[in-house]
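# Observations on chain architecture
In case you want the letters, here they are:
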Amino acid sequence: MDRNLALEFVRVTEAAAIAAAKWIGKGEAKKADGAAVKEMRSRFNQIDFKGTVVIGEGQKDEAPELYQGEKVGRGKGPVMDLAVDPLECTDSVAYGRYNAMAVISAGAKGSLFSAPDTYMEKIAAGPKAAKVINLDAPVKVNIQKTAKALNKKVGDVTVCVLDRPRHKDLIQEIRQSGARVRLITDGDVAGGIAPCMPESGIDLLMGIGASAEAVLAGVAVKILGGQLLCRFKPKDEHHLNLIKKQGFNTKKIFNVQDLAKGNILTFTATGIIDGPLLQGVRVTDNAIITHSIVIRGMSGTVRYITTHHHKKN
């Protein structure tokens with residue numbers, strides 16, 4: 001992917017993050033999400049490319065903007081598929097909790113997995129433990145093998161898990177293994193990528209989360225040499241039917257090669273509230289400061305970008 005296009009996407013996530021940040025802690029989840037969606041869509045349409053949203057805010061009848069299948073961009077230039085989450089962790093922003101970002105994963109046409117909007121069980125690890133994790137292995141075994149691969153004691157391994165009632169048994173198993181648990185209230189995109197970042201303090205992601213987040217994170221994890229394994233885990237009959245309707249089943253395990261094909265890939269995110277991957281938006285007397293990351297598949301580069309957006313009088 002053209003490096004200039006990747007940097008254009010930073011401007012898109014920055015704008016969405018700034019728009020969402022205005023709603024931090026105000027208890028207005030829909031307004032926060034709506035502001036981010038509107039800004040992301042507007043900025044996309046200022047860029048010279050042909051984009052198709054393959055994972056977005058939902059079906060066309062559910063989401064008037066950035067819906068699956070929507071075309072964005074000026075209609076000239078590179079043809080790209082997009083997986084977007086203008087406000088990943090909506091409730092975190094609404095209630096002022098930890099961890100929220102504006103996210104874009106992009107790839108050449110046909111490169112991104114177009115998953116039904118449901119749930120998946122997941123495990124993610126960084127490059128050193130990429131080959132030792134197994135979605136079907138006991139929790140304790142995955143942790144022990146990861147500890148060995150990282151040359152750590154089991155007691156020093158940290159596992160990121162969404163704080164949900166469904167994870168009660170998982171959390172107990174992690175603790176019984178001797179490892180540490182890092183709970184996040186919402187959104188496991190950052191949690192899935194964090195094991196690829198040694199400075200994050202997170203070694204594994206485990207648990208059940210949304211399928212869209214699996215693709216969003218999978219792009220970055222693949223570029224960084226890690227692994228994310230996932231399998232559909234529908235919460236009810238309706239979700240099971242969505243999976244079957246698209247020709248999938250609940251047995252197949254997907255990896256990063258399935259989620260993101262080739263190397264014409266890019267992952268871009270801007271923090272809204274501090275999380276394991278990025279700092280959030282900061283507001284000073286004369287500027288709004290954003291913190292972003294750009295990960296490119298063709299070059300394998302990881303860029304952290306801090307931008308000072310001067311306030312208009």
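For the structure itself, look to the data block above.
Moving on: the overall build of the chain. A tally of regular secondary structure across the chain gives nine helices and 13 strands. Against the compact-globule benchmark of 20 Å for 313 residues, the chain has a radius of gyration of 19 Å, which places it among compact chains. Each principal axis of the C-alpha atoms in the chain carries an extent, and together these give about 55 × 45 × 40 Å. Among the 313 residues that make up the chain, the fraction classed as buried is 55%. At a minimum sequence separation of 6, the contacts of the chain that also span at least 24 residues come to 69%. Split by element, the accessible area of the chain, about 14,100 Å² in all, is 47% carbon and sulfur. In the chain, the 44 positive side-chain charges and the 33 negative ones have mean positions that sit 4 Å from each other.

Bringing the environment of His-291 into the picture now. With respect to the helices, strands and loops of the structure, His-291 is situated in strand β12 (residues 287–296). Looking at His-291, the relative accessible area reads 11%, which means it is buried. Residues contacting His-291, with those up to four places away along its chain left out, are Ala-269, Thr-270, Gly-271, Leu-278, Gln-279, Gly-280, Arg-282, Ile-305 and Thr-306. In terms of polar contacts, His-291 uses its side chain to reach the backbone carbonyl oxygen of Gly-280, at 3.1 Å.

What follows is about the pairing of strand β1 (residues 50–55). Taking burial as the measure, the six residues of β1 include five buried ones, the bulk of the element. Strand direction decides the pairing type here: β1 and strand β3 (residues 79–88), joined by five bridges, are parallel. Bridging across to β3, Gly-51 finds its partner in Met-80. Both β1 and strand β2 (residues 71–72) contribute to a ladder of two bridges, which runs antiparallel. Note on β2: the bridge partner recorded for Thr-52 is Lys-71.

The rules behind each value
- Each chain carries its own residue numbering, running from 1 in the direction its sequence is written.
- Local features in a predicted model are, by the rule used here, given only for residues with pLDDT of at least 70; side-chain atom pairs are given and counted only at 80 or more, and totals for whole chains, interfaces and linings are based on all residues.
- Remark: hydrogens and water are excluded; side-chain values derive from all non-hydrogen atoms of the structure.
- Secondary structure is summarised from DSSP: a helix means a run of H or I of at least four residues, a strand means a run of E of at least two, and numbering begins at the N terminus for each.
- We compute the radius of gyration over the C-alpha atoms and compare it with the globule rule, which gives 2.2 Å times the number of residues raised to the power 0.38.
- Working definition: with a 1.4 Å probe on protein chains only, accessible area under 20% of the residue-type maximum means buried, over 50% means exposed, and in between means partly exposed.
- By definition in these notes, contact holds between two residues if any of their heavy atoms fall within 4.5 Å.
- The method behind every accessible area is Shrake-Rupley, applied with a 1.4 Å probe, and residues are considered shielded solely by the protein chains displayed.
- Working convention for charge: Lys and Arg count positive, Asp and Glu count negative, and His plus the chain ends are omitted.
- Note that the charge is assigned to NZ on lysines, CZ on arginines, CG on aspartates and CD on glutamates.
- Nitrogen and oxygen atoms within 3.5 Å of one another constitute a polar contact, given that in protein one can donate a hydrogen and the other can accept it, and given that sequence-neighbouring residues count only through two side-chain atoms.
- Here, any two strands with at least 2 DSSP bridges between them count as paired.

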